[in-house]
Amino acid sequence: MSDSLIKLEGVTKVFLTDEVETHALSGIHMEIRKGEYVSIAGPSGCGKSTLLSILGLLDSPTDGTYVLNGRPVQGLSLPERARIRNREIGFIFQSFNLIGDLTVFENVELPLTYRGMPAAERKAAALEALEKVGMGHRAKHLPSQLSGGQQQRVAVARALAGKPAVLLADEPTGNLDSKNGDAVMQLLSELHQGGATIVMVTHDARFARNADRTIHIFDGRVVQEQVESDPTRT
Amino acid sequence: MIPDLRYAFRQLTKSPGFTVVAVLTLAIGIGANTALFSIVNATFLRSLPYPEPGRLMHVTERNRQWPDMSVSYPNFLDWVAQQEVFTDLAIYRTNSVKLKTAGASELVSAGYVSAGFFDVLGVNVALGRALAPEDDRPGAAPVVWLTHAGWQRFFSGDPAAIGQSVLIEGRAYAVAGILPPDFRFFRAAELFLPVAPAADEMFLKDRENHNGTRVVARLKPGESLESAQAAMDVIAQRLQLAWPEANAGIGIRVQPLRDNLASEARSSQLLLLGAVGLVLLIACVNVANMLLARSLAREREIAVRTALGASRFRLVRLLVTESLLIAAVGGAVGALLSLWGYDFGRRLVPWQMQPIVATQSGYDANVLFFLAGITVLTGLFFGLVPAWHASRIDPNDALKNTPRTLRLLPGHWQVGDLLVVGQVALALVLLVAASLMVRSLQRLTAISPGVDPTRVITLQVAPPAVSELQRDAWSHTRFQERILAEVATLPEVESAAFGSALPFSWNTSSMVIFRTDLPVPEAGKLPSANSHFVTTDYFRVMGIPVLRGRAFTGREPQPEIAPNTPISVETIARVYRGLELDCVVSERMAESLWPGEDPIGRRFQLGFPSANLPVARVVGIVGNTRQETLDRDPKPEFYLALHQFPAPFGVHLAVRTRLEPSAAVAAVQKAIRAVAPDHPIHDVRLMSDRVADSYSGRRFNMSLFAFFGGTALLLAVIGIYGVLAFNVGRRTREIGIRMALGAQRHSVLLVVLQRGLTLILPGIALGLAGGWFATRLLQSQLFGVGAFDLTSYIAGALALLLAAGAACWIPARRATRVDPIEALRTE
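This is a predicted model, so every value here is computed, not measured. (Residues numbered from 1 in each chain as written. Chains lettered and ligands numbered in written order. Predicted model: local features only at pLDDT ≥ 70, side-chain atom pairs only at ≥ 80, totals over all residues. Heavy atoms only, no water.)

(A) Region of interest: the overall build of chain A. Scanning chain A from terminus to terminus reveals seven helices and eleven strands. For chain A, the C-alpha radius of gyration of 17 Å lies close to 17 Å, the compact-globule estimate for 234 residues. Taking the principal axes of its C-alpha atoms as reference, chain A extends roughly 45 × 40 × 40 Å. Evaluated residue by residue, chain A yields a buried proportion of 54% over its 234 residues. Within chain A, residue pairs in contact and separated by at least 24 positions form 67% of the contacts whose partners lie at least 6 positions apart. (Helix = DSSP H or I, 4+ residues; strand = E, 2+ residues; numbered from the N terminus. Rg over C-alpha atoms; globule rule 2.2 N^0.38 Å. Buried < 20%, exposed > 50% of the residue type's maximum accessible area, 1.4 Å probe, protein only. Contact = heavy atoms within 4.5 Å.)

(B) How the structure looks around the overall build of chain B. Each helix and strand in chain B was counted, giving 26 helices and 21 strands. Counting the 827 residues in chain B, one finds 54% classified as buried. Partitioning the intrachain contacts of chain B with sequence separation of at least 6 by distance along the chain shows that 81% fall at a separation of at least 24. Chain B carries 78 positive and 67 negative side-chain charges, and their two centres are separated by 11 Å. (Lys, Arg positive; Asp, Glu negative; His and termini not counted. Charge placed at Lys NZ, Arg CZ, Asp CG, Glu CD.)

(C) Examining the interface of chain B and chain A more closely. Taken together, the contact between chain B and chain A spans 19 residues of the former and 20 residues of the latter. Both sides of the chain B and chain A interface together cover about 1900 Å² of buried area, and 54% of this is carbon and sulfur. Where chain B packs against chain A, one counts two salt bridges. B:Arg6 serves as the salt-bridge partner of A:Glu106, at 3.8 Å between the closest nitrogen and oxygen. At the junction of chain B and chain A, the tally comes to eight residue pairs in polar contact (both at pLDDT 80 or more). (Buried area = accessible area lost by both parts, 1.4 Å probe. Salt bridge = Lys/Arg side-chain N within 4 Å of Asp/Glu carboxyl O. Polar contact = N/O pair within 3.5 Å; in protein donor to acceptor, adjacent residues only side chain to side chain.)

(D) Expanded view of helix H6 (residues 178-193) of chain A. Taking 1.5 Å per residue as the helical rise, H6(A) with its 16 residues ought to reach 22 Å, and the 22 Å between its terminal C-alpha atoms agrees with that figure. Two residues or fewer past H6(A), A:Gly195 is found with a positive phi of approximately 110°. (Expected span 1.5 Å × (residues − 1).)

(E) Main features of the pattern of salt bridges. Counted under the stated rule, the structure contains 44 salt bridges over all chains. Linking A:Arg71 and A:Glu80 is a salt bridge whose minimum nitrogen-to-oxygen distance equals 3.1 Å. With a closest N to O distance of 2.1 Å, B:Arg478 and B:Asp472 form a salt bridge. Overall, B:Asp472 belongs to the partly exposed group, its relative accessible area being 27%. One network of salt bridges, with partners in common, ties together B:Arg550, B:Glu580, B:Asp582, B:Arg603 and B:Arg617.

(F) Focus on the pairing of strand S20 (residues 652-657) of chain B. Residue and element names in this part refer to chain B. Within S20, six of the six residues are buried, which leaves it mostly tucked inside the rest of the structure. By the alternation rule, side chains of S20 split into His 652, Ala 654 and Arg 656 and Leu 653, Val 655 and Thr 657, which are all buried. Bridge count for strand S11 (residues 456-461) against S20 is four bridges, and the pairing is antiparallel. Considered in S20, the bridge of Val 456 is made with Arg 656. In this sheet, S20 lies alongside strand S12 (residues 493-499) in antiparallel orientation, the contact comprising six bridges. Paired with Ala 496 across the strands is Val 655, a residue of S20. (Pairing = 2+ DSSP bridges.)

(G) Representation of a nonpolar patch on the surface in the model. Residue and element names in this part refer to chain B. Together, Leu 757, Leu 761, Leu 790, Ile 794, Leu 798 and Leu 801 make up a nonpolar patch on the protein surface, roughly 540 Å² of accessible area in all. Counting only elements with at least two residues in the nonpolar patch, the list comes to helix H24 (745-774) and helix H25 (790-816). Among the elements that line the nonpolar patch, the one with the most residues is H25, at four residues. Relative to the assigned elements, Leu 790 resides in helix H25. (Patch = residues over 30% accessible without salt bridge, like charges linked within 9 Å, V, L, I, M, F, W, Y side chains within 5 Å. Areas by Shrake-Rupley, 256 points an atom, 1.4 Å probe, with all protein chains shown as cover.)

(H) Structural view of the sheet that holds strand S4 (residues 63-68) of chain A. Residue and element names in this part refer to chain A. Read across the sheet, four strands follow the order S2-S1-S4-S5 without closing on themselves; strand pairing throughout is antiparallel. Only two strands of the sheet have a single partner each, and these edge strands are strand S2 (20-33) and strand S5 (71-72). The strands that helix H1 (residues 48-55) touches are strand S1 (4-17), S2 and S4; relative to S1, the one it contacts most, it runs at about 120°. (Axes fitted to C-alpha atoms, helices over the stretch in contact; angles between N-to-C directions.)

(I) Spotlight on H1(A). Residue and element names in this part refer to chain A. Across the eight residues that make up H1, a large majority, seven, are buried. Inspection of H1 places Lys 48, Thr 50, Leu 51, Leu 52, Ser 53, Ile 54 and Leu 55 among the buried residues, and these make up the whole buried set. With its phi angle positive at about 60°, Leu 57 sits one or two positions after the end of H1.

(J) Focus on the side chain of B:Gln269. By secondary structure assignment, the location of B:Gln269 is in helix H8 (residues 266-297). Those residues within four positions of B:Gln269 in sequence are excluded, and the remaining contacts are B:Leu36, B:Ile39, B:Val40, B:Thr43, B:Phe44, B:Leu348, B:Val349 and B:Pro350.

(K) Structural detail: the packing of aromatic side chains. All names here are of chain B. Tallied over the entire structure, the rule returns 24 aromatic pairs over all chains. Where Phe 539 meets Phe 552, the ring centres are 6.3 Å apart and the plane angle is 25°; that geometry is what we call stacked. A residue pair is termed long-range when its members are at least 10 positions apart, and Phe 539 in helix H17 (residues 538-542) and Phe 552 in the loop between strand S15 (546-549) and helix H18 (569-576) qualify at 13 residues. Owing to a relative accessible area of 3%, Phe 539 belongs among the buried residues under this scheme. The class of Phe 552 is buried, set by a relative accessible area of 5%. Three or more aromatic residues joined by ring pairs make a cluster, and in this case those are Tyr 92, Phe 117, Phe 118, Phe 183, Phe 185 and Phe 192. Taking the ring centre of Tyr 7 as reference, the NZ or CZ of Arg 305 above it sits at 4.6 Å. Arg 312 extends its terminal NZ or CZ atom over the ring of Trp 388, reaching a point 4.5 Å from the ring centre. (Phe/Tyr/Trp six-rings, centres within 6.5 Å; stacked < 30°, edge-to-face > 60°. Lys NZ or Arg CZ within 6 Å of the ring centre and 35° of its normal.)

(L) Looking closely at the nonpolar core. Residues and elements named next belong to chain B. In terms of nonpolar packing, the biggest core is built from 115 residues, with Phe 117, Phe 183, Phe 186 and Phe 192 touching the most fellow members. The contacts of Phe 186, once residues within four sequence positions are left out, are Tyr 50, Tyr 92, Leu 121, Val 216, Leu 257, Leu 261, Gln 352, Pro 355 and Ile 356. In this structure, Ile 457, Ala 473, Phe 533 and Ala 676 belong to the second largest nonpolar core, which totals 50 residues. (Core = buried A, V, L, I, M, F, W, Y, C linked by side-chain atoms within 4.5 Å.)

(M) Seen up close, the environment of B:His210. Residue and element names in this part refer to chain B. In this fold, His 210 is placed in the loop between strand S8 (191-194) and strand S9 (214-219). The sequence separation of His 210 and Val 71 amounts to 139 residues, and the corresponding C-alpha distance is 5.4 Å. Residues contacting His 210, with those up to four places away along its chain left out, are Glu 61, Met 69, Ser 70, Val 71, Ser 72 and Ile 250. Among the polar contacts listed, one links the side chain of His 210 to the side chain of Glu 61, at a separation of 3.0 Å.

(N) How the structure looks around the side chain of B:Thr816. Residues and elements named next belong to chain B. Of note, Thr 816 is situated in helix H25. The class of Thr 816 is buried, set by a relative accessible area of 5%. Look past the residues within four positions of Thr 816 in its chain and what remains in contact with it is Met 739, Arg 745, Val 748 and Leu 749.

Take a look at the structure:
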């Protein structure tokens, strides 16, 4: 399909620990189109975070193929993976993972510096991303001076700043109270409506329903896919 | 790069404790290395302050016994006449001379030099005229050249000083020239006098006399050290043939001036540079370990950066930027420390080089380059390993909060552990070296100097002018007797005596001797012994035991010397002809000259057979003394009664006091001034200080090794403590679980101590092996102990084990105090 952004075929991930094989993922097949908002759900230990790591090129599959934006990426070298991560993937973590010693602006600017973008362009892009999440007025603050919800907004801005092909969000509301959690989910919905492709791991069914489609993982396998606009199983 | 630098700066200010410890650790290492390099640079690398210093040679004489002898003045004059390899060569000798200034008389250092001296060194006078060949002739008008410092001191820098007279040793000298302010001589001297007019008074005209005179020369362009040596060898052979008695076995040694001035310090300076290099290595390992621990604490940040697309190069660059920044600050602080260290350690510079380096800054381009180089290398060295390992952090694990360690080897070994093992090993090498040096000094100081130095004051009094001696040959003797009589009246004084060559005064003089009852040995095989001229109470004052026979009585007869008789070797030979002098010999001389015989009543001839000097008859045997250093075996020595000789020996007064000698110094000086007001007193020192000064170089080196060993031990202890404390911190939860499961506190204590021992024991084993290789280099610096002295190895290992054990104990105790409930609550 011409609008396919992510395509996994027979992806497996096996961890070897003290000569014991643990199958974290077992033959995952999955396709995500551009502009789609997909949530990945499942119980703890089912393999959803491992899947997100593979999608984010933080980890590589033991077997299977992974095509990102039309290009097979499962066998790339570390520097090439870092380059793709930097340009095509935006991460939003459960625990925000802002760097405490950098200001809000510097945190958002950080992935752009790895891209070698000139300072003026970096500044414009970072400020634009911060304005988009409503945090432009806190650009000079340190993360420790922000609330959890604000920190996650900054993390979203950081993910957005480089205009990635896909945003990967790992339990983005897991460390937030319900009010801030709702606000962040609202922000992701707005971004999606603006055309962003989002893949979100969550085990909160309430938030999973914000996505166009929910993929349920159990024991390292896709056990169910649910299109939110059509509550019947597909 | 700028953002990396800014972030690195922020990181350092964020953790001031970490930064201060890291910076100080490096500052000590970099500062000590830079200070020592400054000394090596000043001694060996920096150009001597003369034009084309590479062409300057030092020329000495040598024989079988002495590889570096003073040069006989007549031989020197022959060299000048015969040589063709030097543009010029000049003789020099330094003496203290009595200078009459406006206020009073004072002793100043003077250089007696031959005509070509300033030309050889390439020095032009700043004021007045140069030293001309006609100034350096017997009977020439007395003239003097002042150094810039001397000119400032004696004439307040007045240009009108040229042509004015100064009284030196009672004679008027016209100031002929002032030397430039940047002129440095490798001996202490404030004024220079032509040597030839004073050659008679200094007994330089006798070919046998090698009396403190040295020669410096400038190679002709195109000549080399080898060609000069070959040419001078030919001259030496000619002189041996021409003067077979005086020059028997005497050769000529040509060496670069720099080597002559500095070579004695080469091994000790290089060893210390090696030791201080080890300290820096240990400091680097310490900081590397601190950074490793910190990189573990920063693994989430590293993981985030990785997730955001930072390449490994960018991560390594960021972390190395931090380490370089720490190194730069450490280098800056180290540079300040090195200024102090250079001043402190400047005594490592050989004494001949001291006047040259005294006014020079320790810093020059070489030192700055070294400082910059060592700072960058240090930053890279301690930064690369932690940076490399931090860049290998798996972002998956880090972002999931999975506890991890940085492993390098399979099993339980981690990078930090290896670094600590290396650190312990390096520290032990230095500790063993320090222990060897301490034991070496202990052995040395346990040696008896042969004198009893307690409660003995020694000093020199400027004697009457030589011109008085010409009028009255016994004027010096009466001068000495007046002083002895006055000093003896002091209640603080037990006894006092004059001696021509006190032990440890570096004033020994040897003389050829031979038995009169045996055939005269052939030239070159004549024995020699150290000669001493002493007054009656000398042995009592110095605590030298009279083993057999007797000491001097004071009634030894003085020969008749008519007034206005010039005092020279010829005079002494004539006056003393046929006279038999009472003589006391040392036990060593008795054994060497009369082996298996009773020497009392035996006779021996003083000087060469042709010199016609008096015969000495042995009246007593005294104990051996060590003359220069404790590590040199006593030489054969003989003593003559000073009052029998009118010659103006440079004598020391030795005073044995009843109580603490330093309390009596002022009274003794006052008593001397009462009878000799115009005679400056100088070189006032306690005999015990002279003995101690003879091994001060060794003691100083030992102190430096001990300091470096102690620093290494401290750094190693900090390293062990840091790793274990960090380990305990990361294992708090595990320890809580163990305790919740019923582990006793002592078993927790043992777990941590065992962990510490697994670092210390391999480190000690490696250190002992390393010491076995490294301490062999120390052999030349040791005395009385071998490089493999077992006690030193055991002492070093025990010291390290105890200190390291203490370092383990603190985190181990902390581990036993972990609250299981609290630990399990915190994940």
